[in-house]
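Residue strings, one per chain:
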Amino acid sequence: MRFKQILMACVCLLALPATSGAQRTPAVHDLKATPATVHRGFFDPLLKPVLTIDSGDIVRLETVSGNPRWYEKLGVPKEKIPAELYAAFEGVQGDGRGDHTLNGPIAIRNAEPGDMLEIRIRSVDVRLPIAGQGFVPNRGLLPEDFPYEKSRVTWIDVARRVVQFAPGIEIPARPFWGVIGVAPPSSMGRVSSGPPNVFGGNLDNPDLGAGSTLYLPVHIPGALLSIGDGHAVQGRGEVSLSAVETSLKGEIQVLLHKRHRLRWPRAETATHYITMGLDSDLDEAVKIATREMLDLLVETKGLSREDAYLLASAAMDLVVTQVVDGTKGIHAMMPKAIFQK
């Protein structure tokens, strides 16, 4: 089915008719972060799922970021560190912060290579008052300026949804999960969750908050979706290597679209269509994101590729997503309001 037909039928970009999940009342699942339900720092096509759902089901998530021993190392009294963190990090060796503690993987029944997942972020919010930030040598955008390590604890007023960065500096929370990804193709084997890729992963895209939708290609049976790396707020670029890393809660709904192949992750918000480019070379990432947007416009709006190129030059914004994960990210944003149909 062409994207133009999808838009006419569903009003929502890429919202193809899903499998049988659309014909029944969605089941609701709870997936909290415990030693039995998380994996840390990788994606793997051989990882066993901790939850299996049907297309259309809703998953209520509680994710964790912040090894309590990391906070203890920085002088935070044990009584100020939430008990949930001690429980989730039970048995973990070392005192690294543990940002990429990922819930999952979640298997989606009947998902096969060549299909597509539609992941609706129904809600996402901060849930614990403690967060971490820092930078390390030889990483981040300015390693020559900061050839040493610095870590800091940042506190959040959860009720007010405000990050209390320093006296006189408060940042409104804009929470989102930095990592949302499926298992990579079997040929890639186990991969680090640091660099994003065709499977999504560490996209670090602040536009993927509540109300957004992410579309990911399926590479193996079941898809194996994992989510984590909670950010209370992040600037575009994430220049020091870390956002305000914290524990989040929220809901997603996952729909499976059969026989619809994507090359790269795509997304949409209430106001924009989004395509993504991922490459170690920022110029190449720009080209990927732009070509993906041209494809989207040809598929959904019936434009010639030449006219899509001209429209992109007139109306599309290119945004630096992040520049610090090895694989750099660009996302292209096309406003929905310019289209009359």
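Bear in mind the structure is a predicted one, so any value in this text is a computation, not a measurement. (Residues numbered from 1 in each chain as written. Predicted model: local features only at pLDDT ≥ 70, side-chain atom pairs only at ≥ 80, totals over all residues. Heavy atoms only, no water.)

1. Topic: the pattern of salt bridges
For step 1, the next point in the chain: In the structure shown here, the tally under the stated rule is 22 salt bridges.
For step 2, the next point in the chain: Two residues, D295 and R263, come together in a salt bridge whose shortest N-O distance is 2.2 Å. Residue D295 is found in helix α4 (residues 282-301), and its partner R263 is found in the loop between β16 (245-257) and β17 (266-268); the two are separated by 32 residues along the sequence.
For step 3, the next point in the chain: A relative accessible area of 14% places D295 in the buried class.
For step 4, the next point in the chain: Judged by relative accessible area, which is 52%, R263 ranks as exposed.
For step 5, the next point in the chain: If you follow the salt bridges from partner to partner, you end up with R263, R266, E292, D295, E299 and R305 in one network. (Salt bridge = Lys/Arg side-chain N within 4 Å of Asp/Glu carboxyl O. Helix = DSSP H or I, 4+ residues; strand = E, 2+ residues; numbered from the N terminus. Buried < 20%, exposed > 50% of the residue type's maximum accessible area, 1.4 Å probe, protein only.)

2. Here we look at the pairing of strand β20 (residues 328-335)
Put simply, side chains in a regular strand alternate between the two faces of the sheet.
For step 1, the next point in the chain: In terms of burial, β20 is largely enclosed, as seven of its eight residues are buried.
For step 2, the next point in the chain: Note that strand β18 (residues 272-279) and β20 share eight bridges and pair antiparallel. Across the sheet, residue I274 finds its bridge partner in β20, namely M333.
For step 3, the next point in the chain: Pairing of strand β19 (residues 317-322) with β20 involves five bridges; the strand directions are antiparallel. Counted as the bridge partner of Q322 is G329 from β20.
For step 4, the next point in the chain: In textbook terms, the turn of a hairpin is the stretch between consecutive antiparallel strands, and for β19 and β20 this stretch comprises five residues, one of which, G326, has a positive phi near 80°. (Pairing = 2+ DSSP bridges.)

3. Concerning the packing of aromatic side chains
For step 1, the next point in the chain: On inspection of all chains with the given rule, the structure shows six aromatic pairs.
For step 2, the next point in the chain: Geometrically, the ring pair formed by W70 and Y71 is edge-to-face, given 5.2 Å between the ring centres and 75° between the ring planes.
For step 3, the next point in the chain: We classify W70 as buried; its relative accessible area is 4%.
For step 4, the next point in the chain: Residue class for Y71 comes out buried when judged on its relative accessible area of 0%.
For step 5, the next point in the chain: The rings of F135, F146 and Y148 are connected pair by pair, giving a single aromatic cluster. (Phe/Tyr/Trp six-rings, centres within 6.5 Å; stacked < 30°, edge-to-face > 60°.)

4. Quick word on a nonpolar patch on the surface
For step 1, the next point in the chain: Together, L141, L142, F146, Y148 and V239 make up a nonpolar patch on the protein surface, roughly 430 Å² of accessible area in all.
For step 2, the next point in the chain: Tracing the backbone through its elements, the reader meets L141 in the loop between β7 (116-135) and β8 (150-157).
For step 3, the next point in the chain: Taking the relative accessible area as the measure of exposure, L141 reaches 43% and is therefore partly exposed. (Patch = residues over 30% accessible without salt bridge, like charges linked within 9 Å, V, L, I, M, F, W, Y side chains within 5 Å. Areas by Shrake-Rupley, 256 points an atom, 1.4 Å probe, with all protein chains shown as cover.)

5. Examining the nonpolar core
For step 1, the next point in the chain: Grouped together as the largest cluster of nonpolar side chains are 48 residues, with contacts concentrated most on I108, L117, W177, L225 and I252.
For step 2, the next point in the chain: Among the elements that make up this core, the one with the highest residue count is β7 (six residues).
For step 3, the next point in the chain: Setting aside residues no more than four positions away along its own chain, L117 makes contact with I108, V182, L214, Y215, L216, V218, A223, V254, L255 and L256.
For step 4, the next point in the chain: Ranked by size, the runner-up nonpolar core spans 15 residues in total, among them L294, A332, M334 and F339. (Core = buried A, V, L, I, M, F, W, Y, C linked by side-chain atoms within 4.5 Å. Contact = heavy atoms within 4.5 Å.)

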